[in-house]
Amino acid sequence: MSREPRPQSIADPRRPTRTLTRLASVALLAGALVAATGVAAVAAPAPAIAPTGSGGTHGPCGYLATPEEPAARPVPLPPDPRRTPDRGTVRVTLWTNHGPIGLLLDRAAAPCTVQSFLHLTRHRFYDRTSCHRLTAYPTLSVLQCGDPSGTGSGGPGYRYADELPTDLPPAPTDPTGERRLYARGTLAMANAGPDTNGSQFFLVYADSALRPNYTVFGSVDRAGLATLDRIAAGGVAPTDEDPAPVDGAPALPVDIRKALRHHHR
């Protein structure tokens, strides 16, 4: 996701902020979101296999190293087998200081994304990280996590192509029909534009309206939603410039102490 509609300073301007809709540098007009205009999203092409010597993997997911955007925490490129697992689900729990957030990853919906997320989990990339962004707009209610730097500009040192959803229903709040419903409980990837997925992701705690530019790769369980509700109830941390913000750092700091995959399924 991106930091629009209220851009904030980035610690390292060389690294793009990952956002929801500026995630593609498209302004999210917050309360006026339903009236915003723009080019309709176009499904991204299938992931390309990285050519030899390109600093990428050679399987169907084509994870590509980004030396211009070094990893916020050292991690190798994910495995990229010729046959990427594309069936079944995998459970992961984010153990936070506010309680557990259980995730159900869906391989069929986004096999390359699930493969990357599990890789980062295995390498403890998400352990001891903070969730840097909370939004509380009527049409955008999410918690964004996955950047070890805590700035919203950090990533894993690689990127990969979108696996965009094609079956999301139209957002009932958007008369233009351009936005889709990212329902409460959706787990999706943040990005900085087409095919720039990395490590940042967002958790939807109330139905939100977005162009279908963000890969959906799973869902949040009931206990996780209860945790998200507690975090959201605390609101967004006020600043000197805005004493009552609806987009910014959570007022109740959120720390992912450990991300743990469950192997019983």
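These numbers come from a predicted model, not from an experiment.

## Digging into the pairing of strand β6 (residues 141–145)
Piece 1. In terms of burial, β6 is largely enclosed, as five of its five residues are buried.
Piece 2. Across two bridges, strand β5 (residues 133–135) lies against β6 in antiparallel orientation. Looking at the pairing, Arg133 lines up with Gln144 of β6.
Piece 3. Counted between consecutive antiparallel strands, the loop separating β5 from β6 contains five residues.
Piece 4. Pairing analysis gives five bridges linking β6 to strand β10 (residues 201–206), with the strands arranged antiparallel. In the strand pairing of β10, Cys145 is matched with Phe201.

## Overview of the pairing of strand β2 (residues 89–96)
Piece 1. Alignment of β2 against strand β3 (residues 99–106), held across eight bridges, turns out to be antiparallel. Counterpart to Val90 in the pairing with β3 is Leu105.
Piece 2. What sits between β2 and β3 in their antiparallel hairpin is a turn of two residues.

## Some remarks on the environment of Tyr63
Piece 1. Along the chain, Tyr63 falls in the segment before β1 (64–65).
Piece 2. For Tyr63, a relative accessible area of 0% corresponds to the buried category.
Piece 3. In sequence terms Tyr63 and Cys112 are 49 residues apart; their C-alpha atoms lie 8.8 Å from each other.
Piece 4. Setting aside its immediate chain neighbours within four residues, Tyr63 contacts Gly56, Thr57, Leu77, Pro78, Pro79, Asp80, Cys112, Gln115, Ser116, Tyr158, Arg159 and Tyr160.
Piece 5. Within polar-contact distance, the side chain of Tyr63 engages the side chain of Gln115 at 3.2 Å.

## A closer look at the state of the cysteines
Covalent bonding between the sulfur atoms of two cysteines is what defines a disulfide.
Piece 1. Per the counting criterion, the structure on display carries two disulfides.
Piece 2. The disulfide that involves Cys61 links it to Cys112, with 2.0 Å between the sulfurs. For the disulfide bridge between Cys61 and Cys112, the dihedral angle about the S-S bond is near -85°, and by the sign convention the bridge is left-handed. Highlighted residues: Cys61 in the segment before β1 and Cys112 in helix α1 (residues 111–122), separated in sequence by 51 residues.
Piece 3. The buried category is assigned to Cys112, whose relative accessible area is 7%.
Piece 4. Across a sulfur-sulfur distance of 2.1 Å, Cys131 and Cys145 are joined as a disulfide pair. Residues Cys131 and Cys145 share a disulfide whose torsion about the S-S bond is about 100°; that sign makes it right-handed. With a gap of 14 residues between them, Cys131 in the loop between β4 (129–130) and β5 and Cys145 in strand β6 connect regions that are remote in the sequence.

## A few points about the confidence of the model for the protein
Piece 1. Taken over all residues, the pLDDT of the protein has a mean of 84, while the share at 70 or more is 79%.
Piece 2. Predicted confidence is poor over residues 2–16, with pLDDT under 50, and the contacts of this stretch with residues over four places away or in other chains come to 52 contacts.
Piece 3. This stretch, residues 21–53, has a pLDDT under 50; its non-local contacts, to residues over four places away or in other chains, come to 78 contacts.

## Examining the pattern of salt bridges
Working definition: two side chains of opposite charge can pair if their charged atoms are close together.
Piece 1. Inspection of the entire model under this criterion finds five salt bridges.
Piece 2. When the shortest N-O distance is used, the salt bridge between Asp247 and Arg133 registers 2.8 Å. On the criterion of sequence distance, the pair formed by Asp247 in strand β13 (residues 247–248) and Arg133 in strand β5 is long-range, its members being 114 residues apart. Note on accessibility: Asp247 and Arg133 belong to one class, buried.
Piece 3. Residues Arg179 and Asp174 are paired through a salt bridge, measuring 3.6 Å at the closest nitrogen-oxygen approach. In this structure, Arg179 and Asp174 share a single accessibility class: buried.

Definitions and cut-offs
- Residues numbered from 1 in each chain as written.
- Predicted model: local features only at pLDDT ≥ 70, side-chain atom pairs only at ≥ 80, totals over all residues.
- Heavy atoms only, no water.
- Buried < 20%, exposed > 50% of the residue type's maximum accessible area, 1.4 Å probe, protein only.
- Helix = DSSP H or I, 4+ residues; strand = E, 2+ residues; numbered from the N terminus.
- Pairing = 2+ DSSP bridges.
- Contact = heavy atoms within 4.5 Å.
- Polar contact = N/O pair within 3.5 Å; in protein donor to acceptor, adjacent residues only side chain to side chain.
- Disulfide = S-S within 2.5 Å.
- pLDDT = per-residue confidence, 0-100.
- Salt bridge = Lys/Arg side-chain N within 4 Å of Asp/Glu carboxyl O.

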